[in-house]
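Structural overview for review
Each chain, letter by letter, is given below.
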Amino acid sequence: MNDKISEQLIFLDNNATTRVAPEVIEAMLPFMSELYANPSSGHSFGRRLGPFVEHSREQVAGLIGAQSTDEIVFTSGGTESDNWAINATLQLQPEKRHIVTTRVEHEAVRHVCERYEKSGYEVSWIDVNRDCELNLDQLEAAVRPDTALVSVMMANNETGVLFPIEEVGRIVKEKSNAIFHVDGVQAVGKVPIDLKKSEVDLFALSGHKLHAPKGIGVLYIRSGLTLAPMIIGAMHEKGRRAGTTPVPSIVGLGTACELAQQPGIHDAIQHMRDRFEDAVLGSIGCAQLNGTKYRSKRLPNTSYISFANIEGESILAHLDEKGIYVSTGSACNSGTHTASPTLRAMNVPYAVAMGSIRFSFGRYNQESDVDYTLSHLTGIIDNLVAMSPFNS
Ligand code: PLP
């Protein structure tokens, strides 16, 4: 509670979460004040709310290229959507006990698959290379007729590397009748998505990654596929996901989906990211990029950089003192340091992985944030390099 937030607030952690857009707050406010009824109520006050929820469903469907609004089910966020997708897919095909997924999925997928593995399912964990590119040959060899589920993320949350989900979908459908789930949480709102042109059956997204509030998400369920509900109760969301409809959050998510399509916004974010990345890699000797150098294969907002032989947590703390907020790729748990599963899967040597910092830009960053961060980062790294026992 007493953590000091610096006067200066340069938020370069937009893959962790985003600020709720003022337009989103404005759109939500009436639904927390005068329009507070429950849309499931029988009275006319409640019935007034339904069209707003359905409009949001259209806005979400538009952003991800769903064929129909019936494919959009509101949930509490990315974790619930991923969990539901995996659990219900396996429940639907009890005779199939094989899962294909990657080594670099978010915990919301990875930990669920690990649990199934422990309970007796066979899981094929697909590797990535040093650039965090998915091994498609390995994936093709792994998918087989008794595969129940293939789960592959669209964009990695650490490196921002985009996986070719259209190609993966083609492989999945050629080789099996498996259900294809995509964790789209980091991609939505950052890159164009057209699900109707893909073989994706289930697709998870989360509002707080695209300037909607925390606690709202979606599971896209391709028409024709019926999943058992995971949250059981009344008949909300046509019996697919129980719980009183959170109208303000749903309206906020719809508005955020519109904002994400504003012309020019992604170019501006990419320009900041590119300028920052070029400057860091060009001027700091120990800096190395994690993830492919081909920018069209990465999210336009993410730069995941390792500073060899220094600790990411020290870099984070020094940036924090200057009011610059970022994430690390390693964790320090009770004295032991571990690199993230993504960096380990990429075979990044430990001395490099431990100094990894993810810089993720967003719509409220300005070019001056890049200058301010660069002006401090070089000195911070120089000092830490000078102090590092590995560099003596
Ligand atoms: N999947 C990915 C790739 C993520 O980055 C995250 C959150 O960081 C999640 C799932 C979980 O989403 P939520 O925070 O909405 O539960």
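Scroll up to find the structure.
Owing to the predicted nature of the structure, the values given are computational and were not obtained by experimental measurement.

**Examining the site of the ligand**
- Around the ligand, the structure places 13 residues, and the nearest of them are G78, T79, D183, S206 and K209.
- T79 has a polar side-chain atom sitting 2.6 Å from an oxygen atom of the ligand.
- Summarising the interface, the protein chains cover 84% of the accessible area of the ligand, which totals 390 Å² for the free molecule.
- For the shell around the ligand, the element with the most residues is helix 4 (residues 78–92), which contributes three residues.
- Its residues assigned to classes, the shell around the ligand comprises two nonpolar, eight polar and three charged.

**Thoughts on the nonpolar core**
- If you look at the biggest cluster of nonpolar residues, it comprises 97 residues, and the most contacted ones within it are I64, F203, L253, F307, F359 and L377.
- Among all residues touching F307, those that are not within four sequence positions of it are V280, I284, C286, A287, I315, G355, I357, F359, L377 and I381.
- Counting residues in each nonpolar core, the second largest holds twelve residues, with L90, I99, V109 and V123 among its members.

**Re the pattern of salt bridges**
- Evaluated as defined, the whole model comprises 21 salt bridges.
- Between K238 and D70 there is a salt bridge, and its shortest N-O distance comes to 2.7 Å. In this pair, K238 is assigned in helix 8 (residues 236–239) and D70 in the loop between helix 3 (50–64) and strand 2 (72–75), connecting sequence segments 168 residues apart.
- The class for K238 is exposed, based on a relative accessible area of 63%.
- With a shortest N-O distance of 2.8 Å, K196 and D194 are connected by a salt bridge.
- The exposure class assigned to K196 is partly exposed, which follows from its relative accessible area of 42%.
- The partly exposed category is assigned to D194, whose relative accessible area is 24%.
- It is possible to trace a salt-bridge network through shared partners that takes in R273, D274, E277, D278, R295 and R298.

**Things to note about the packing of aromatic side chains**
- Counted under the stated rule, the structure contains five aromatic pairs.
- With a centroid separation of 5.1 Å and 90 degrees between ring planes, the pair formed by Y36 and F45 is classed as edge-to-face.
- With relative accessibility at 59%, the residue Y36 sits in the exposed group.
- Their ring planes at 80 degrees and their centres at 5.1 Å tell us that Y116 and Y121 sit as a pair that is edge-to-face.
- Here the guanidinium or amino end of R97 rests over the ring plane of Y121, the centre of that ring lying 4.3 Å away.

**What to know about helix 4**
- Between the first and last C-alpha of helix 4 there are 21 Å, a value that for 15 residues agrees with the 21 Å anticipated at 1.5 Å per step.
- Taken as a whole, helix 4 has its buried residues at G78, E80, S81, D82, W84, A85, I86, A88, T89 and L90.

What counts, and where the lines are drawn
Residues numbered from 1 in each chain as written. Predicted model: local features only at pLDDT ≥ 70, side-chain atom pairs only at ≥ 80, totals over all residues. Heavy atoms only, no water. Near = heavy atom within 4 Å. Polar contact = N/O pair within 3.5 Å; in protein donor to acceptor, adjacent residues only side chain to side chain. Areas by Shrake-Rupley, 256 points an atom, 1.4 Å probe, with all protein chains shown as cover. Helix = DSSP H or I, 4+ residues; strand = E, 2+ residues; numbered from the N terminus. Nonpolar A, V, L, I, M, F, W, Y, C, P; charged D, E, K, R; others polar. Core = buried A, V, L, I, M, F, W, Y, C linked by side-chain atoms within 4.5 Å. Buried < 20%, exposed > 50% of the residue type's maximum accessible area, 1.4 Å probe, protein only. Contact = heavy atoms within 4.5 Å. Salt bridge = Lys/Arg side-chain N within 4 Å of Asp/Glu carboxyl O. Phe/Tyr/Trp six-rings, centres within 6.5 Å; stacked < 30°, edge-to-face > 60°. Lys NZ or Arg CZ within 6 Å of the ring centre and 35° of its normal. Expected span 1.5 Å × (residues − 1).

So far we have only geometry, and geometry alone does not tell us how the molecule works.
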